[in-house]
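# Fold and contact review
The residues making up each chain are set out below.
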Amino acid sequence: MSANCLFCKIAAKQIPSKIVYEDPDLFAFEDINPQAPTHILICPRKHFKSLAHAAPEDQAILGKLQLVAAQLARERNLLDGYRTVLNSGEGAGQTVFHLHLHLLGGRHFRWPPG
Ligand code: 5GP
Ligand code: ZN
């Protein structure tokens, strides 16, 4: 746990959130400001500032992030498609510096993203 990290505090349940999935490696919760009918954030319990701070030994956890996103999308019947997004760095729009994967679904998405 990293001191003063919002998402580490959510994992520790020191800050309330709507947790939708938990296991020993990952936790997932509803985004407080949803950008689509489904908007879930999936995080490793291990604190990484961003994808740029991940290393080869983190391969399994990073793969699991995507597989849990696919599982949650199946559970929510996102049959028309869904999008997973990982913003890495301020220039890409990252605002919380604990690595997280966005799962967005339930509406049409344009390409390229803004
Ligand atoms: P980023 O911009 O870093 O990729 O995404 C951060 C996300 O965290 C945003 O979509 C924002 O709405 C969400 N967020 C920020 N603070 C909180 C919070 O306290 N609780 C929850 N559930 N989501 C948050
Ligand atoms: Zn953290």
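Scroll up for the structure.
Description of the structure in this document.

Basis of the calculations
- Residues numbered from 1 in each chain as written.
- Chains lettered and ligands numbered in written order.
- Predicted model: local features only at pLDDT ≥ 70, side-chain atom pairs only at ≥ 80, totals over all residues.
- Heavy atoms only, no water.
- Near = heavy atom within 4 Å.
- Polar contact = N/O pair within 3.5 Å; in protein donor to acceptor, adjacent residues only side chain to side chain.
- Areas by Shrake-Rupley, 256 points an atom, 1.4 Å probe, with all protein chains shown as cover.
- 1 Å grid on protein atoms, 1.4 Å probe; cavity = no way out; pocket = protein on both sides within 12 Å on 5 of 7 lines; lining within 4 Å.
- Sits in = over half its atoms within 2 Å of the grid points.
- Helix = DSSP H or I, 4+ residues; strand = E, 2+ residues; numbered from the N terminus.
- Nonpolar A, V, L, I, M, F, W, Y, C, P; charged D, E, K, R; others polar.

A few words now on the site of ligand 1. Taken together, 16 residues lie around ligand 1, and Asp31, Asn87, Gly93, Thr95 and His102 are the ones closest in. Within the backbone of Glu30, one N or O atom sits 2.9 Å away from a nitrogen atom of ligand 1. At a separation of 2.8 Å, an oxygen atom of ligand 1 approaches a polar side-chain atom of His102. For ligand 1, the accessible surface in isolation is 520 Å², of which the surrounding protein chains cover 83%. Its atoms largely coinciding with the cavity grid, ligand 1 occupies the largest pocket. Those elements giving two or more residues to the shell around ligand 1 turn out to be helix H1 (6-11) and strand E2 (26-30). Here the shell around ligand 1 takes three residues from H1, the largest share from any one element. By residue class, the composition of the shell around ligand 1 is seven nonpolar, seven polar and two charged.

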